[in-house]
Amino acid sequence: MEHTLDPQDWEAMRKLAHTMLDDALDYLQTVRNRPVWQPTPEATKALLRQPLPQEPQSAEDIYNTFKNNVLPYTKGNIHPRFWSWVQGGGTPLTVLADMLAATMNPNTAIGDHAPMYMELQVLDWCKELVGFAPEASGMLLSGATMANLTALAVARNAKHPDNVRQSGITAPLVLYVSQETHNCMQKSAEMLGIGNRALRKIPVGTDFKMDTVQLEKQITQDRAQGLLPFCVVGNAGTVNTGAIDNLAAIAEICRREELWFHVDGAFGAWAKLLPDYAPQLKAIENADSIAFDLHKWGWLPYDIGCVLVRDRDAHRAAFATEANYLLTHERGLAAGPEPMGNYGIELSRGFRALKAWFLFKEQGVQQLAQMVQQNITQTFYLQQLIQKQPSLEMLTPVTLNIACFRYVVQGKDDVYLNKLNKEILMQLHEQGIAAPSYTILGGKYAIRVANVNHRSRREDFEALVEAVLQIGAKLVLSL
Ligand SMILES: *Cc1c(COP(=O)(O)O)cnc(C)c1O
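Attention here is on the structure that accompanies the text. All figures in this text were calculated on a predicted structure; none of them were measured in a lab.

**Considerations on the environment of A446**
Working step 1: Residue placement: A446 occurs in strand 12 (residues 444-450).
Working step 2: In this structure the C-alpha to C-alpha distance between A446 and T396, which are 50 residues apart in sequence, comes to 9.7 Å.
Working step 3: Among residues more than four places away in sequence, those in contact with A446 are L395, C404, F405, S437, Y438 and T439.

Structure, rendered in structure tokens:
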């Protein structure tokens, strides 16, 4: 008898599937009642160090093991008081969309099938979202890291004097970012053979925005030394503080100097939907490329990011190849849209577009914009709460959805305060109260709230402030 990996007893599978689905919805509906985070128990760690299973186990047993030992010890980013790093919380309908995507399980590399057309549809919506023209090209990827890398590969190839794909890098390319640019740019520069020696981290002002006067000076200086500036990356919302670079000034410098203008808009690009932020972000429309996420603001389950490139030919020229086993036919399954592999490094790819399609249709862009606004408004509210407390201090003013603050004690230096605030943060996590993260600004340890949380309410920020005050006061007595 021949085997299959499908279940022998479909009815039992159906029953289990319904249980799992009910449990999943209960889990989402009651998330507020649980601690935001709890430590991973030793039993769970031990369970996750077992040898490769040799024999089949029942689906019920596997599910129950997961439910009891893994599910409770999650990261917490679906919780209303999670504001760590920059992490979205997903939505129930898009969880189901992901299940349907896995059910269809198409490989969206190539072929004439609806998922390929759906990705093009979602890409068109992404272009509309950030103000790119319909002729632009793009790709859905695992996140902004891959999207930034992909865009920089296009920029490198487009601006390199020889054909990089033929010759490798032969020219002394220089890439410009700010000191606050995400570290994925450094990784990209390393991966693309540009190297850290040719990565200029332009200083920022006290507002954490790139100093564009320094940028111009550095470009001039590099040219004078016979180097070849090729690209400037502007930040639409930095990861540390949410700073939006002067994108219009950077765009103008790029135009004058004939440099590629790339925007890292991982989360901040979404603020372009709001009247208060649209003017600052308008210059995105002049960018040669942009990278942004749909799993931070966008609220899709991990993982999904988007790269868009204004010049489709330049995008294709960086990645398109021909292979006898990937030829597009006139008709049949091997017809259809251009293979996605012409626009990036991936070949096999899942059906990321489906959850995005569900999201945009279910919420509508107006409601998504309102949610972005709500997160910003809440972050300003948190700033007000902090400013009312003599023992709390903002480390930089809120400008978007990120608040960096600390507990302060009269007469204590930064060494003491850094230790104190780190301890406050760890206790906040351990007590399961709230999960902000951290950064260091000008040598000062900051408790950092990055709010892309559609489940947070004002009371959650009140609870955070209260807990920081309580833990801080107790620690000051004991330290
Ligand atoms: C999160 C982030 C990235 C990296 O995005 P991933 O989706 O985590 O790969 C890059 N830039 C900024 C500004 C970010 O906030």
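Still more to cover.
**So, a nonpolar patch on the surface**
Working step 1: A surface patch of nonpolar side chains, amounting to about 300 Å² of accessible area, comprises L21, L25, M99 and L100.
Working step 2: For the nonpolar patch, the secondary-structure elements that each account for two or more residues are helix 1 (10-29) and helix 4 (92-104).
Working step 3: Here L100 shows up in helix 4.

**Observations concerning the side chain of Q383**
Working step 1: For Q383, the location among the structural elements is in helix 13 (residues 353-387).
Working step 2: Owing to a relative accessible area of 10%, Q383 belongs among the buried residues under this scheme.
Working step 3: In this structure Q383 touches M394, T396, P397 and V398, once residues within four positions along its chain are discounted.

**Let's talk about the environment of G305**
Working step 1: As for its position among the elements, G305 is in strand 8 (residues 305-309).
Working step 2: With 155 residues separating them along the chain, G305 and D460 place their C-alpha atoms 28 Å apart.
Working step 3: Those residues within four positions of G305 in sequence are excluded, and the remaining contacts are M139, L140, L141, S142, G143, F292, D293 and L294.

**A few points about the pairing of strand 9 (residues 392-396)**
Working step 1: With four of five residues buried, strand 9 lies mostly within the body of the structure.
Working step 2: With four bridges joining them, strand 9 and strand 10 (residues 402-407) adopt antiparallel strand pairing. Bridging across to strand 10, T396 finds its partner in C404.
Working step 3: Between strand 9 and strand 10, which pair antiparallel in sequence order, lie five residues.

**Description of unusual backbone geometry**
Excluding glycine, residues mostly have negative phi values, and the peptide bonds linking residues are mostly trans.
Working step 1: For the bond from Y302 to D303, the omega torsion is -5°, close enough to zero to count as cis.
Working step 2: With respect to the helices, strands and loops of the structure, D303 is situated in the loop between strand 7 (289-293) and strand 8.
Working step 3: Located in the positive-phi region is N105, a residue other than glycine, with phi close to 50°.
Working step 4: If you trace the backbone, N105 turns up in the loop between helix 4 and helix 5 (114-130).
Working step 5: You will see that E258, though not glycine, has its phi angle at about 55°, which is positive.
Working step 6: Tracing the sequence through the fold places E258 in the loop between helix 10 (247-257) and strand 6 (260-264).

**Digging into the sheet that holds strand 9**
Working step 1: Sheet architecture is open: five strands sit in the order 1-11-12-10-9, paired in mixed fashion. At either end of the open sheet lies a strand with only one pairing partner, and these are strand 1 (82-83) and strand 9.
Working step 2: On the sheet, helix 13 packs against strand 9, strand 10 and strand 12 and is oriented at approximately 135° with respect to strand 9.

**A short note on the sheet that holds strand 3 (residues 173-178)**
Working step 1: Pairing is mixed in the open sheet, where seven strands are placed in the order 2-8-7-6-5-3-4. At either margin of the open sheet sits one strand with a lone partner, and together these are strand 2 (137-141) and strand 4 (199-202). Going from strand to strand, the sheet's axes swing by 20° on average, the running direction of each strand aside.
Working step 2: Two elements, strand 5 (residues 228-235) and strand 6, share five bridges in a ladder whose sense is parallel. Residue pairing across strands places C231 opposite W260, the latter belonging to strand 6.
Working step 3: Relative to strand 2, helix 12 (residues 312-319) is tilted by about 55°, and along the sheet it contacts strand 2, strand 6 and strand 8.

Cut-offs used in this document
- Counting restarts for each chain, with residues numbered from 1 along the sequence as it is written.
- The predicted origin of the model limits local features to residues at a pLDDT of at least 70 and limits the giving and counting of side-chain atom pairs to 80 or more, whereas totals for whole chains, interfaces and linings rest on all residues.
- Heavy atoms from the whole structure form the basis of all side-chain values; hydrogens and water molecules are not counted.
- Numbering of helices and strands runs from the N terminus, with a helix taken as a DSSP run of H or I at least four residues long and a strand as a DSSP run of E at least two residues long.
- The contact criterion used throughout is that any non-hydrogen atoms of two residues lie within 4.5 Å.
- What makes a patch is a set of residues exposed beyond 30% relative accessible area and free of salt bridges, joined within 9 Å when like-charged and within 5 Å when nonpolar (Val, Leu, Ile, Met, Phe, Trp, Tyr).
- For every accessible area listed, the method is Shrake-Rupley and the probe measures 1.4 Å; residues are considered covered only by the protein chains on display.
- Salt bridges, as used here, are contacts in which a Lys or Arg side-chain nitrogen is within 4 Å of a carboxyl oxygen on Asp or Glu.
- Residue exposure (1.4 Å probe, protein chains only): buried if accessible area is under 20% of the type maximum, exposed if over 50%, otherwise partly exposed.
- Pairing between strands is defined by DSSP: at least two bridges between them are needed.
- Axis definition: a line fit to C-alpha positions, over the contact stretch in the case of helices; interaxial angles, taken between N-to-C directions, run 0 to 180 degrees.

Purely geometric numbers; function is a separate question.
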